[in-house]
Amino acid sequence: MKIKKTINVPKTKCVAFKQGGIIGGDDRWHYKNELIETVNHFKYLRFVFGSSGKFAKGIDALEIQAKRALFGLKSIFQRHPEMLPKTQLQLFNSLVKPILDYSCEIWGYLDAVKLETIHLNILKYILDVRKTVPTAYVYSEMNATPLHISRKLSVIKYWLNILKLDVKHPVRLTYDVLRQAANDSTFPNWTTHIKFLLQSNGFGYIWENQNTVNDTYFLNQFKRRLSDTFLQTCSDLASQTSPNRFYNNLSPRINGTHYLFDIKERFLRVALSRMRLGSHNLMVERGRWTKPRKTPYPNRVCRTCGTVEDEYHIIIDCPRFSIPRQKYIPKNLTTRPSMFKLIKFIDTAKDKKLRRFAFFCFIALKIYDSNL
């Protein structure tokens, strides 16, 4: 039986997959004496494949699509400023993240920095802090993890599903061929990255066995390993920042950042975030921006008091803020003051005390900025 199928040549494209280089003269194909156009990339099942065999063009396309969706999402945020960060993140995860993760079962072993930047920027947008705030601080404050963790988990889930297929299933046959080719060749393929992903996270034995005793237990362990590795990386990055940064004294992941959920007024949340993360104009921060060299820390002094103008000085000492301090700061913090007492208060304050402190941050930063 013959299938009477025709090919629309003008709508048909060919891609020659190879290790780099431009489209050559030999990369020409014909159908019934009609030349088929050869291109360097092609969209298949809504994902763009490049002729290099890598996923750069596909990731670039996802970045463009995600930015379009993000533009619409931000307009929603602007129309509803009362929206809590939890709801904002839920909308991001529902409307934008699926675009960023599209078909990640195939390419998700990559870090995809461009896509991570979109996620990081929306976290900073929700907090309304400067882009110069250290990345480790932002993830910690939002209690978030990079997207590559969930993508790598999706890759491993897909791999486990392939292992469950019948050995004669086309996808399983393709996988077996790729795995054998990876063993016999120096050129990496998808199975090579699966192997590295498992071995680099301490699960090399799973790759050797090509199965697990319990998929759910293994996936939970794998996710925890990825999360723990990221938390350690965050801690290392935070330790590399200046020891004089106020945020290094706080314990957001231990004590939580409940103010993001408990305080409904956006202007109070933002003021508190900026004070916590150092996204303000106090001399302790402005001194980092001076050129050609940043101002040495001991010289970043208050013009009124002559002492280092940091968050502790503004909250506890500086006479310029004595009126809002008397109104909003608990007296026990200003009686025999210490950094230890202040940090403990910020980490544990809730309800009325937390709101009053947020009011102080808002008023103090507003007064300070108006006098610059």
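Since this is a predicted model, take the numbers as computed values, not measurements. (Residues numbered from 1 in each chain as written. Predicted model: local features only at pLDDT ≥ 70, side-chain atom pairs only at ≥ 80, totals over all residues. Heavy atoms only, no water.)

Topic: a nonpolar patch on the surface
Phase 1: Residues F42, Y44 and L45 make up a contiguous nonpolar surface patch of roughly 340 Å² in combined accessible area.
Phase 2: Tracing the chain through its elements places F42 in strand β4 (residues 41–44). (Patch = residues over 30% accessible without salt bridge, like charges linked within 9 Å, V, L, I, M, F, W, Y side chains within 5 Å. Areas by Shrake-Rupley, 256 points an atom, 1.4 Å probe, with all protein chains shown as cover. Salt bridge = Lys/Arg side-chain N within 4 Å of Asp/Glu carboxyl O. Helix = DSSP H or I, 4+ residues; strand = E, 2+ residues; numbered from the N terminus.)

Brief notes about the side chain of R245
Phase 1: Examined against the element boundaries, R245 turns out to sit in the loop between α11 (215–240) and α12 (252–255).
Phase 2: The residues contacting R245, other than those within four sequence positions of it, are P134, Y137, E285 and R288. (Contact = heavy atoms within 4.5 Å.)

Focus: the sheet that holds strand β3 (residues 34–39)
Phase 1: In spatial order, the strands read β1-β3-β2; together these three strands make up an open sheet with mixed pairing. A strand with exactly one partner marks an edge of an open sheet, and here the two such strands are β1 (13–15) and β2 (29–31). Averaged over neighbouring strand pairs, the angle between their axes works out to 45 degrees when direction is ignored. (Pairing = 2+ DSSP bridges. Axes fitted to C-alpha atoms, helices over the stretch in contact; angles between N-to-C directions.)

Quick look at the pattern of salt bridges
Phase 1: With the rule as written, the count across this model stands at 16 salt bridges.
Phase 2: Linking E63 and K67 is a salt bridge whose minimum nitrogen-to-oxygen distance equals 3.2 Å. Of this pair, E63 and K67 both sit in helix α1 (residues 56–79), four residues apart, which is roughly one turn of that helix.
Phase 3: Look at E63 and you get buried, because its relative accessible area is 15%.
Phase 4: For D128, the salt bridge goes to R274, with nearest N and O atoms at 3.2 Å. Separated by 146 residues along the polypeptide, D128 in the loop between α5 (113–127) and α6 (135–142) and R274 in helix α14 (residues 266–277) bring together distant segments of the chain.
Phase 5: Overall, the relative accessible area of 25% leaves D128 in the partly exposed class.
Phase 6: Judged by its relative accessible area of 30%, R274 falls in the partly exposed class.
Phase 7: Three or more residues joined by partner-sharing salt bridges are found here, namely K97, D101, E116 and R151. (Buried < 20%, exposed > 50% of the residue type's maximum accessible area, 1.4 Å probe, protein only.)

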